[in-house]
Amino acid sequence: MNLDAKVNKKDLNWAELGFRYHKTDFRFSAVHSNGKWNDGELISDEIIAVHEGAPAIHYAQQCFEGLKAQTAADGRILLFRPDLNSERLNLAASRLLMPEVPRAMFLNAVAQTVRANYAWVPPYGSGASLYIRPMLIGIGENLGLKPAQQFEFRIFVSPVGPYYKEAGLAVISLAVSEMDRAAPNGTGCFKVGANYAGGLLATRKAQELGANEALYLDSAQHRYIDEAGSANIVIAMKDGGFVTPSSKAILPSITRRSIMEIAAQQLHLQTTERPIDLRAEVADFSEMAACGTAAVLSPVGKIWFDDQWHTIFADGQSVGPIMQEIYDLLVGIQKGELTDQYGWLHEVNI
Ligand code: PLP
Ligand code: COI
């Protein structure tokens, strides 16, 4: 069946989409009150009206997720490891004293929202995808520092293009921030909005230096690589190893976890998660990349620290062979072009 014939796709210039909010037709909303979730429903209003005393607004009692739906060549709509987004949302919910969203409810709500917005799912080959943003917010009034009494679980979607400007594999640059993103025992490993508000200024300062994003070092010693503002870091070493920072303060990226498996099993690299001392080891980096749902795999050409640029690969603008190969394998699986030997894809029945 030609799915495109079933519902006419929106008339968008898919190839020109940036990573911006685009209002689609439906969003999912469920409310938790008196200790239980209601069934939730698809609604059309994109505005959330919440109490002025809502803890989400005052004390950042909120968390969110990010995943993508892509159209395969045969028209199937594919999600990448959505079960892990459900798991991670619930870890953040528990940390912030919010009710968990049952896994089945999460997966069903994601599928419903994507299905209802089928016309907005970018077609195969367009280079764009449908970004899915689940969120959990404390909406019931509370002035004191206590958990909310009511919560909303909402999912909206938006067709998006690449996070960094160019299409495909964009080489980016990072500037080490003097500011900290997260404390060792803080909330850095949870996807909570509070981590991101604190990062806005660091991102701006990095951009003023001509970098795409801030790179954070560990907050205790400012020595070991933590992560970028919206992505984890992976590094191919000159000795043939493939490493990624071990840190309690970084978001456990689903993309990174997948890349580490691809690097070990398909590129046969020796993969290690360990502390990476930036200044002591940068000369041993062969290739570096930022990775995440929005960032996909973005090779890092150069890094700014100690008042100068440090070039990582070639001229700082080319993609290295290892990152190119990993990108092709990862994106090939995500788009359904390569066999999903890991069982990572989840098809949305249209
Ligand atoms: N680190 C941060 C701070 C992020 O915001 C993201 C994006 O979700 C990631 C890493 C990458 O995580 P994932 O691959 O699960 O999208
Ligand atoms: C994602 O990659 O899904 C994110 O949440 C990053 C966000 C800051 C755009």
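The numbers attached to residues start from 1 for each chain and follow its sequence in the written order. Just so you know, chain letters begin at A and ligand numbers begin at 1, following the order they were written in. Side-chain atom pairs in this predicted model are given and counted only at pLDDT of 80 or more, local residue features only at pLDDT of at least 70, and totals for whole chains, interfaces and linings cover all residues. Hydrogens and waters are ignored; side-chain quantities use all the structure's heavy atoms.

A. Spatial organisation of the nonpolar core. Ranked by size, the top nonpolar core spans 35 residues in total, and within it W37, V101, V114, I132, L136 and F153 carry the most contacts. Labels follow the DSSP assignment, with helices taken as runs of H or I lasting at least four residues and strands as runs of E lasting at least two, numbered in each case from the N terminus. Those elements that place two or more of their residues in this core are strand 1 (27–33), strand 5 (67–71), strand 6 (77–80), helix 3 (82–95), helix 4 (103–116), strand 7 (129–138) and strand 8 (150–160). Any two residues having at least one pair of non-hydrogen atoms within 4.5 Å are treated as being in contact. Aside from chain neighbours lying at most four places away, what touches L136 is W37, Q61, Q62, C63, L89, A93, M98, P99, V101, F151, E152 and F153. Among the buried residues, those of types Ala, Val, Leu, Ile, Met, Phe, Trp, Tyr and Cys that are joined through side-chain atoms within 4.5 Å form a nonpolar core. For each residue, the accessible area found with a 1.4 Å probe, counting protein chains only, is set against the maximum for its type, and the residue is called buried under 20%, exposed over 50%, and partly exposed in between. Residues L169, L269, Y342 and W344 belong to the second largest nonpolar core, which totals 26 residues.

B. Geometry of the layout of surface pockets. Of the voids in this model, the largest pocket is the one considered here, and its volume is about 930 Å³. Cavities and pockets are defined on a 1 Å grid built over the protein atoms alone: a cavity is a set of grid points where a 1.4 Å probe fits but cannot escape, while a pocket is an open set with protein on both sides within 12 Å along at least five of seven lines, and lining residues are those with an atom within 4 Å of any such point. Forming the walls of the largest pocket are 41 residues, and the residues nearest its centre are F19, R133, Y163, Y196 and S230. Gly is placed with the polar residues, together with every amino acid not listed as nonpolar (Ala, Val, Leu, Ile, Met, Phe, Trp, Tyr, Cys and Pro) or charged (Asp, Glu, Lys and Arg). Its residues assigned to classes, the lining of the largest pocket shows 18 nonpolar, 16 polar and 7 charged. When residues of the lining of the largest pocket are assigned to domains, at least three map to each of domain 1 (14–161) and domain 2 (172–334). Grid points are joined across faces, edges and corners, and a volume is the space filled by probe spheres set on the points. Segmentation of the chain into domains, including their bounds, is taken from an automatic or database domain assignment.

C. Representation of a nonpolar patch on the surface within the structure. On the surface, Y59, L143 and L145 cluster together into a nonpolar patch covering about 380 Å² of accessible area. You can see L143 is positioned in the loop between strand 7 and strand 8. On the basis of relative accessibility, which here comes to 67%, the residue L143 falls in the exposed class. Nonpolar side chains (Val, Leu, Ile, Met, Phe, Trp, Tyr) within 5 Å and like charges within 9 Å form the patches, drawn only from residues with over 30% relative accessible area and no salt bridge. Residue burial considers only the protein chains on display, and all accessible areas are found by Shrake-Rupley using a 1.4 Å probe. Whenever a carboxyl oxygen of Asp or Glu lies within 4 Å of a side-chain nitrogen of Lys or Arg, that contact is scored as a salt bridge.

D. Representation of the packing of aromatic side chains within the structure. Each Phe, Tyr or Trp ring (for Trp, its six-membered ring) is paired with any other whose centre lies within 6.5 Å, and the angle between the two planes then decides the class: stacked below 30 degrees, edge-to-face above 60, tilted in between. Summed over all chains, the structure comprises 11 aromatic pairs. Between Y21 and F156, the ring centres sit 5.4 Å apart and the planes meet at 70°, which makes this aromatic pair edge-to-face. Residue Y21 is found in the loop between helix 1 (3–6) and strand 1, and its partner F156 is found in strand 8; the two are separated by 135 residues along the sequence. Take Y21: its relative accessible area is 45%, and that puts it in the partly exposed class. Between Y342 and W344 the ring centres are 4.0 Å apart and the planes differ by 15°, which places this aromatic pair in the stacked class. On the accessibility criterion, Y342 (17% relative accessible area) is buried. Pairwise contacts between aromatic rings join F19, Y131, Y163 and Y164 into one cluster.

E. Layout of empty space enclosed by the protein. In this structure the tally under the stated criterion is 4 cavities of 30 Å³ or more. What the largest cavity holds in volume is close to 140 Å³. Contributing to the lining of the largest cavity are 14 residues, with K68, F80, T255, T293 and Q334 lying nearest its centre. The set of elements that each furnish at least two residues to the lining of the largest cavity consists of strand 5, strand 6 and helix 7 (254–265). In terms of residue class, the lining of the largest cavity is made up of 6 nonpolar, 7 polar and 1 charged. Looking at the lining of the largest cavity, you find at least three residues from each of domain 1 (14–161) and domain 2 (172–334). Roughly 60 Å³ of internal volume is contained in the second largest cavity. For the second largest cavity, the full set of lining residues is Q70, T71, P123, Y124, G125, S126, G127, A128 and K335. Of the residues belonging to the lining of the second largest cavity, the class tally is 3 nonpolar, 5 polar and 1 charged.

F. Molecular detail of the pattern of salt bridges. Across all of its chains, the model carries 10 salt bridges by this definition. Here R76 makes a salt bridge to D74, at a shortest N to O gap of 2.8 Å. Taking the relative accessible area as the measure of exposure, R76 reaches 29% and is therefore partly exposed. For D74, a relative accessible area of 48% puts it in the partly exposed group. The partner of R223 in a salt bridge is D277, with the nearest N and O atoms 2.6 Å apart. Of the two residues, R223 is situated in the loop between strand 10 (213–217) and strand 11 (225–228) and D277 in the loop between strand 14 (270–274) and helix 8 (278–281); the sequence distance between them amounts to 54 residues. The exposure class assigned to R223 is partly exposed, which follows from its relative accessible area of 34%. Relative accessible area serves as the criterion here: at 11%, D277 is assigned to the buried category.

G. Geometry of the site of ligand 1. Near ligand 1 you find 16 residues, and of these Y196, E227, S253, T255 and T293 are the closest. N or O atoms closer than or at 3.5 Å make up a polar contact, with two conditions inside protein: a donor-capable atom paired with an acceptor-capable one, and, for residues adjacent in sequence, both atoms drawn from side chains. The separation between an oxygen atom of ligand 1 and a polar side-chain atom of K191 is 2.8 Å. Here I254 contributes a backbone N or O atom positioned 2.8 Å from an oxygen atom of ligand 1. Elements with a minimum of two residues in the shell around ligand 1: helix 7 and strand 15 (285–292). Considered class by class, the residues forming the shell around ligand 1 number 5 nonpolar, 7 polar and 4 charged. Distances are taken per atom, and a residue is near a molecule or strand as soon as one of its heavy atoms is within 4 Å of it.

Read these as layout, nothing more, since geometry by itself doesn't imply function.
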